[in-house]
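Residues per chain, in single letters:
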Amino acid sequence: MEPLHYLLMKTHGAVKRAMLAEGAKLGLTPGQPKILEFLMNNGESDQKTLAADCEIEQATAGGILLRMEEAGLIARRRKDGNRRSLYVSLTPRGAEMARKMDEAAREVDRLAASLLSADEEELLKNMLASVRRAMTETEEK
């Protein structure tokens, strides 16, 4: 069997390709689906928090958000007393796209877990969360 890092890399690539293909069907570009998902799950957020959670560089996030704003998917505004931070929220069109992308993501999840029992799927999610925690702790050192 291949080493863990290789299996994780190949699995990530396959899931990413599937998600990008689903996003492309909706006219979304790379980066946009995960921002829609973040905003759908968390509501309005400042750009810095959004970029960090989506693991996108702030400069890259700014470009993606500009295109999303131009497409009518998000709105950006400043909050009272905070002239430095822009806050991002979904527009009604963005909320609809987020809902459609969520349906597509659930289908990708079903496909990814199609050879697993419900218990195996839950175990896999727990194990992947542990791997992520271990990698995040290593990055912070």
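Residues numbered from 1 in each chain as written. Predicted model: local features only at pLDDT ≥ 70, side-chain atom pairs only at ≥ 80, totals over all residues. Heavy atoms only, no water.

**Examining the nonpolar core**
Step number 1: Formed by 20 residues in total, the largest nonpolar core has its most connected members in Ile-35, Leu-39, Leu-50, Met-68 and Ile-74.
Step number 2: Breaking this core down by element, the ones donating at least two residues are α2 (32–42), α3 (47–53), α4 (58–70) and α5 (92–112).
Step number 3: Not counting residues within four places of it along the chain, the set of residues in contact with Ile-35 comprises Leu-50, Cys-54, Ile-56, Ile-64, Leu-65 and Met-68. (Core = buried A, V, L, I, M, F, W, Y, C linked by side-chain atoms within 4.5 Å. Buried < 20%, exposed > 50% of the residue type's maximum accessible area, 1.4 Å probe, protein only. Helix = DSSP H or I, 4+ residues; strand = E, 2+ residues; numbered from the N terminus. Contact = heavy atoms within 4.5 Å.)

**A word on α5**
Step number 1: Taking 1.5 Å as the rise per residue, α5 with 21 residues should run 30 Å; its terminal C-alpha atoms sit 30 Å apart, in good agreement.
Step number 2: For α5, the set of buried residues is Gly-94, Met-97, Ala-98, Met-101, Ala-104, Ala-105 and Val-108. Down the axis of α5, the sector holding all buried residues measures 130°, keeping them to one side. (Expected span 1.5 Å × (residues − 1). Arc of directions from axis to C-beta.)

**Points about the side chain of Gln-47**
Step number 1: Its location among the elements puts Gln-47 in helix α3.
Step number 2: Here the side chain of Gln-47 touches Arg-76 through a polar contact of 2.9 Å, side chain to side chain.
Step number 3: When neighbours within four sequence positions are excluded, Gln-47 is seen to be in contact with Leu-65, Arg-76, Leu-86 and Val-88. (Polar contact = N/O pair within 3.5 Å; in protein donor to acceptor, adjacent residues only side chain to side chain.)

No statement about biological role is implied by the geometric values presented.
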